[in-house]
Amino acid sequence: MTDASIPPEADWDRAPSLVDGAGSLELTAADCDLRYWLRAVPQGTLRGKVLGHDEDVRPHEVTRNPGPLNEALTQELAFRSIAEDKATRALGHMVALAPDTATLEFYTTQLMDEARHAMVFRRHLLSLGVPEHDLFATVDRLAAADRDAVLVPLENLGLQVLRDERDFIGGVVVLTILVEGVLAPAAQLSELKWRVFDPAAADVERGAGIDEIRHLTVGSSVAREHLLAHPEDKERLLDLITRGRALWEKLPATEMTLRRETLFQKGLDAHRDLAGDYEIWPGRRLADTTVEERVETAHAWSEAMQRKRLIYMGLEEAI
Ligand code: FE
Ligand code: FE
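Residues numbered from 1 in each chain as written. Chains lettered and ligands numbered in written order. Predicted model: local features only at pLDDT ≥ 70, side-chain atom pairs only at ≥ 80, totals over all residues. Heavy atoms only, no water.

Draft legend 1. Region of interest: the pattern of salt bridges. A full pass over the atoms with the stated rule returns 26 salt bridges. Here Asp-113 ties to Arg-214 by a salt bridge, and the two come within 2.9 Å at their closest N and O atoms. Within this pair, whereas Asp-113 is found in helix H5 (residues 101-127), its partner Arg-214 is found in helix H8 (residues 199-229), the two being separated by 101 residues in sequence. Note on accessibility: Asp-113 and Arg-214 belong to one class, buried. Put simply, Arg-294 and Glu-261 hold a salt bridge, and the shortest N to O gap is 2.5 Å. Placement of the pair is Arg-294 in helix H12 (residues 291-313) and Glu-261 in helix H10 (residues 253-270), with a sequence separation of 33 residues. Taken as a pair, Arg-294 and Glu-261 share a single burial class, namely buried. Among the ionic contacts, a cluster of salt bridges with common partners joins Asp-113, Arg-116, Asp-211 and Arg-214. (Salt bridge = Lys/Arg side-chain N within 4 Å of Asp/Glu carboxyl O. Helix = DSSP H or I, 4+ residues; strand = E, 2+ residues; numbered from the N terminus. Buried < 20%, exposed > 50% of the residue type's maximum accessible area, 1.4 Å probe, protein only.)

Given below as structure tokens:
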């Protein structure tokens, strides 16, 4: 069912993939104000999908039951829910510092989006066998080490810029380039690789990915418009990008991804029959992919997307 009042980039069936959409669309904060969001998201992307998927879409039992697929997905969801929780809190600063109504409205909607992502990633753990009374303790047990090693240092950079320096545009750059720009392609990989083993999780990712198209394109446009009006800020923002990248180099993010991808591979090896001829991307059967290939593909998407967006923002020196 398509509804002409829902913008195509937010329509469940018509929206592009995250990497394609964030690499090609142009949306501004003024385009994506509260009126847009109310129509596009609660009444559009999420209609009938309060938990991020239709109620009759369920994880496959091989993923619901204990085993490597269950471990890989629960670790991933726990980590992602903490990341989204931290993003939501950081966005509270963005809203407080927003220089005008367009950015105030847009970042208010992004704050809601990220709080929703935290909620749907966390709640999906219930469908994977985690008891409700144990939900928060389980998130902690599964992801506290990765949180401390990867997310807390990134959060500290964001807080230094937003809370301590009250630098709105610096916060936009941290969020758009250093956090979401790096993590988004991993989310797209997740949608594609879980499609067979847990279609509900894949749908949760699909919905978050549709939101992410908006976050990346609008964030880039806010940075672009700021730099056109304030070219004197360019050096400072380039320095911030350099600082953020130096921080990333020290984070054990690749180790974390490889660990989860290795668990996924164990599950894939054990259940090749289920994967069948499903193609993770055109011309490539999921069953034939390897840990390295999946990680490298997501990395290549990230590089290509970042390159396009940095040029668009006027920060091509950062490539
Ligand atoms: Fe998010
Ligand atoms: Fe986001």
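Anyway, onward from the coordinates.
Draft legend 2. Spotlight on the packing of helix H7 (residues 168-194) against H8. As a packed pair, H7 and H8 sit with axes 8 Å apart at the nearest point and diverge in direction by 155 degrees. Comparing their axes, H8 and H7 come out roughly antiparallel. Note on packing geometry: the crossing formed by H7 with H8 is left-handed. Within the contact between the two elements, H7 uses Phe-168, Ile-169, Val-172, Thr-176, Glu-180, Gly-181, Ala-184, Ala-187, Ser-190, Glu-191 and Trp-194 and H8 uses Pro-199, Ala-202, Glu-205, Arg-206, Glu-212, His-215, Leu-216, Gly-219, Ser-220, Val-222, Ala-223 and His-226. Of the residues in the contact of H7 with H8, the class split is 11 nonpolar, seven polar and five charged. (Axes fitted to C-alpha atoms, helices over the stretch in contact; angles between N-to-C directions. Parallel < 35°, antiparallel > 145°, perpendicular 65-115°, else oblique. Left-handed = near helix turned anticlockwise from the far one by under 90°. Contact = heavy atoms within 4.5 Å. Nonpolar A, V, L, I, M, F, W, Y, C, P; charged D, E, K, R; others polar.)

Draft legend 3. Representation of the packing of aromatic side chains. Applying the stated criterion across every chain, the model contains five aromatic pairs. The interplanar angle of 75 degrees and the centroid separation of 5.0 Å between the aromatic rings of Phe-106 and Tyr-107 together place this pair among those described as edge-to-face. Ring centres 5.7 Å apart and planes at 80 degrees place the aromatic pair Trp-281 and Trp-301 in the edge-to-face group. Within this pair, whereas Trp-281 is found in strand S1 (residues 279-281), its partner Trp-301 is found in helix H12, the two being separated by 20 residues in sequence. Aromatic ring contacts, followed pair by pair, group Phe-106, Tyr-107 and Phe-168 into a single cluster. (Phe/Tyr/Trp six-rings, centres within 6.5 Å; stacked < 30°, edge-to-face > 60°.)

Draft legend 4. The coordination of the iron ion (ligand 2), seen in detail. Around the iron ion (ligand 2), the protein contributes the donor atoms Glu-114 (OE), Glu-180 (OE), Glu-212 (OE) and His-215 (ND1), which lie 1.8 to 2.3 Å from the metal centre. All donors of the iron ion (ligand 2) come from a single chain, and their spacing in sequence reads E-x65-E-x31-E-x2-H. A distance of 3.4 Å spans the gap from the iron ion (ligand 2) to the iron ion (ligand 1), which Glu-114 bridges by coordinating each metal. Highlighted residues: Glu-180 in helix H7 and His-215 in helix H8, separated in sequence by 35 residues. (Donors = N, O, S within 2.8 Å, 3.2 Å for Na, K, Ca; no water.)

Draft legend 5. Quick look at unusual backbone geometry. Of note, the phi angle at Arg-166 is positive, near 50 degrees, even though the residue is not glycine. Relative to the helices and strands, Arg-166 resides in the loop between helix H6 (135-164) and H7. A residue is classified by how much of its surface remains accessible, and Arg-166, at 58% relative accessible area, is exposed.

Draft legend 6. Expanded view of the coordination of the iron ion (ligand 1). Protein coordination at the iron ion (ligand 1): the donors are Glu-84 (OE), Glu-84 (OE), Glu-114 (OE) and His-117 (ND1), at 2.0 to 2.7 Å from the metal. Angles of 53 to 134 degrees at the metal separate the four donor atoms of the iron ion (ligand 1), which places the site in the irregular class. Within one chain, the residues donating to the iron ion (ligand 1) are spaced in sequence as E-x29-E-x2-H. (Tetrahedral: all angles 85-135°; square planar, octahedral: opposite > 155°, others 65-115°.)

Draft legend 7. Spatial organisation of H10. With 18 residues, H10 extends 26 Å between its outermost C-alpha atoms, agreeing within 8% with the 26 Å of an ideal straight helix rising 1.5 Å per residue. Within the span of H10, buried status applies to Ala-253, Met-256, Arg-260, Glu-261, Leu-263, Phe-264, Gln-265, Gly-267 and Leu-268. Each element contacted by the buried residues of H10 is listed here: helix H4 (68-97), H6, H7, helix H9 (234-250), helix H11 (272-275) and H12. (Expected span 1.5 Å × (residues − 1).)

Draft legend 8. Region of the structure containing the side chain of Asp-11. Structurally, Asp-11 is set in the segment before helix H1 (18-24). Owing to a relative accessible area of 4%, Asp-11 belongs among the buried residues under this scheme. A polar side-chain atom of Asp-11 sits 3.0 Å from the main-chain amide nitrogen of Asp-13. Apart from the residues within four sequence positions on either side, Asp-11 is in contact with Asp-3, Ile-6, Arg-206 and Ile-210. (Polar contact = N/O pair within 3.5 Å; in protein donor to acceptor, adjacent residues only side chain to side chain.)

Draft legend 9. Highlighting the nonpolar core. Counting residues in each nonpolar core, the largest one holds 49 residues, and the members touching the most others are Met-94, Tyr-107, Phe-168, Val-172, Val-222 and Leu-315. At the level of secondary structure, the elements contributing two or more residues to this core comprise helix H2 (34-45), H4, H5, H6, H7, H8, H9 and H12. The element contributing the most residues to this core is H7, with nine residues. Excluding residues within four positions of it along the chain, Val-172 makes contact with Met-94, Tyr-107, Ile-177, Gly-219, Val-222 and Ala-223. If you look at the next biggest cluster of nonpolar residues, it comprises 40 residues, including Leu-77, Phe-79, Met-256 and Ala-275. (Core = buried A, V, L, I, M, F, W, Y, C linked by side-chain atoms within 4.5 Å.)

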